[in-house]
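Topology and contacts: notes
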Amino acid sequence: MTFLPIVKANGLPMTIRPLRCIAGPGLPLPTRPTPFLDDLTHLRERHGEKIVAVDQESASIVGALGLYPDRDEGGTFYHLAGLEATPDARAAGVDALLLEEAGRYLGEHKATRLKFGTSPLLTTNAGLYVTRFGTRYRWREGPRTPDGAPWPYVACECDFDDPLARPLDLRDDEVEARSVLAWREGRPIPRAGVAWSGPLSILLPELSSDSLPLAVSDPGFLSVLWETFHALHVHGYSFAWFDRLPARGRPPGAPPCFYVMKKSVAF
């Protein structure tokens, strides 16, 4: 069993371990509704599993991940049915602990692929999914906000046996010059005269599920970002990697996060 030491906000340590709630050995589950455990019936019906992260000291659940199986042309895969954590636990790496446990669970069930969806605007997600676990992002059009605006969205596949590797043809010192976006006072500005050839990048600020709503409240922010990802897709570019620029040497005013975008190879 994996244990993860975490320092809480008050400076006291706690120890986290993952436990499986459905197939066990799991927890004595509460009978009243509890955060992170509101979809157990849904997962049981689909022969899935709920993996929770438990604070050994308080016996409280500080994070959870749901999984259930499906099949496609490549065989059995699993859907990720939610990944949640308290702010302290998320900051300390509980998301990664739960995904590692999900990888072990899939291996026990003769599967390696985990599928889900997210927004490429969520750079905290990309840092975990792409940089840490080598997840492949594929642009998908169609999702919209409640008021009808196009919403940037990617379909994701994490193959624990075949993770995405960082490409070697775009160095950190080339990222800013190859970005299809410039930034001025926190606002994205499409660069004119982009030569749609060779590896490109798209610079982004650090955005989480907490900070993204404030960013997209600027009417131009969402439309520019969607149009930028859409243009890359139209010109045959796909997501090749995600990373963050080192603070030393970062151009003044440049956001820290970036995707590497490469031309898709057609056969």
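Presented here is an overview of the structure given in this document.

1. Concerning the nonpolar core
Counting residues in hydrophobic clusters, the biggest one holds 65 residues, and the most contacted among them are L65, L67, L114, Y137, F229 and Y259. The contact partners of L67, leaving out residues within four places of it in the chain, are L43, G48, E49, I51, Y78, H79, A81, A102, Y105, L106 and L114. L37, V54, I61 and A64 belong to the second-largest nonpolar core, a separate cluster that totals nine residues.

2. A few points about the pattern of salt bridges
The final tally for this structure, using the stated rule, is 20 salt bridges. For K115, the salt bridge is made with D72, and the minimal N-O distance between the two is 2.6 Å. Pair noted here: K115 is in strand 6 (residues 113–118) and D72 is in strand 4 (residues 61–72), with a separation of 43 residues, a long-range link. Salt-bridge contacts for R90 lead to D95; the nearest nitrogen and oxygen are separated by 2.5 Å. Classification of D95 by relative accessible area gives buried; the value is 8%. One salt-bridge network, held together by shared partners, links R20, E101, R104 and E108.

3. Brief notes about the state of the cysteines
Applying the stated criterion to the full structure yields zero disulfides. The thiol of C158 is unpaired, and the distance to the nearest cysteine sulfur, on C156, comes to 9.6 Å.

4. Side note on the side chain of H79
Considering the arrangement of structural elements, one finds H79 in strand 5 (residues 75–85). Those residues in contact with H79 that sit more than four places away from it in its chain are G66, L67, Y68, D70, L114 and K115.

5. A short note on the pairing of strand 11 (residues 200–204)
Burial analysis of strand 11 places five of its five residues in the buried class, the great majority of the element. Of the two faces of strand 11, the one lined by L200, I202 and L204 and the one lined by S201 and L203 are each fully buried. The sheet contact formed by strand 11 and strand 13 (residues 257–263) spans five bridges and is antiparallel. Bridged to L203 within strand 13 is F258.

6. A closer look at the packing of aromatic side chains
The description of an aromatic ring pair uses the distance of the two centres, along with the angle that the planes make with each other. Applying the stated criterion across every chain yields a total of 13 aromatic pairs. Pairing Y78 with Y105 gives two aromatic rings, centres 5.8 Å apart and planes at 85 degrees, and the pair type is edge-to-face. Taken together, the residues span a long stretch of sequence, with Y78 in strand 5 and Y105 in helix 3 (residues 94–108) at a distance of 27 residues. Side by side, Y78 and Y105 carry an identical accessibility label, which is buried. Grouping aromatic residues by their ring pairs yields a cluster made of Y137, W139, W226, F229, F239, F242 and Y259. When the ring centre of F77 is taken as origin, the NZ or CZ atom of K115, which lies over that ring, is 4.4 Å away.

7. Quick look at empty space enclosed by the protein
Scanning the entire structure with this criterion turns up one cavity of 30 Å³ or more. Approximately 40 Å³ is the volume attributed to the largest cavity. For the largest cavity, the full set of lining residues is V130, T135, R136, Y137, L164, F239, A240, W241 and Y259. Only strand 7 (136–139) and strand 12 (237–244) provide two or more residues apiece to the lining of the largest cavity. Of all the elements, strand 12 adds the most residues to the lining of the largest cavity, at three residues. A breakdown of the residues in the lining of the largest cavity according to their chemical character gives seven nonpolar, one polar and one charged.

8. Comments concerning the layout of surface pockets
Considering only enclosed or pocket space, the largest pocket measures out at about 440 Å³ in volume. R90, D95, T124, N125 and L128 are the residues nearest the centre of the largest pocket, which is lined by 18 residues in total. Among the elements of the structure, strand 5, helix 2 (87–91), helix 3 and helix 4 (123–132) are those that each provide at least two residues to the lining of the largest pocket. The element best represented in the lining of the largest pocket is helix 4, accounting for five residues.

9. With respect to the pairing of strand 9 (residues 181–184)
Across the two faces of strand 9 the burial differs, with L181 and W183 buried and A182 and R184 not buried at all. As defined by bridge partners, strand 9 adjoins strand 10 (residues 187–190) across four bridges and the pair is classed as antiparallel. If you follow W183 over to strand 10, its bridge partner there is P188. Where strand 9 hands over to strand 10, the hairpin turn is made up of two residues, of which E185 adopts a positive phi near 55 degrees.

Cut-off values and rules
Residues numbered from 1 in each chain as written. Predicted model: local features only at pLDDT ≥ 70, side-chain atom pairs only at ≥ 80, totals over all residues. Heavy atoms only, no water. Core = buried A, V, L, I, M, F, W, Y, C linked by side-chain atoms within 4.5 Å. Buried < 20%, exposed > 50% of the residue type's maximum accessible area, 1.4 Å probe, protein only. Contact = heavy atoms within 4.5 Å. Salt bridge = Lys/Arg side-chain N within 4 Å of Asp/Glu carboxyl O. Helix = DSSP H or I, 4+ residues; strand = E, 2+ residues; numbered from the N terminus. Disulfide = S-S within 2.5 Å. Pairing = 2+ DSSP bridges. Phe/Tyr/Trp six-rings, centres within 6.5 Å; stacked < 30°, edge-to-face > 60°. Lys NZ or Arg CZ within 6 Å of the ring centre and 35° of its normal. 1 Å grid on protein atoms, 1.4 Å probe; cavity = no way out; pocket = protein on both sides within 12 Å on 5 of 7 lines; lining within 4 Å. Points joined across faces, edges and corners; volume = space filled by probe spheres on them. Nonpolar A, V, L, I, M, F, W, Y, C, P; charged D, E, K, R; others polar.

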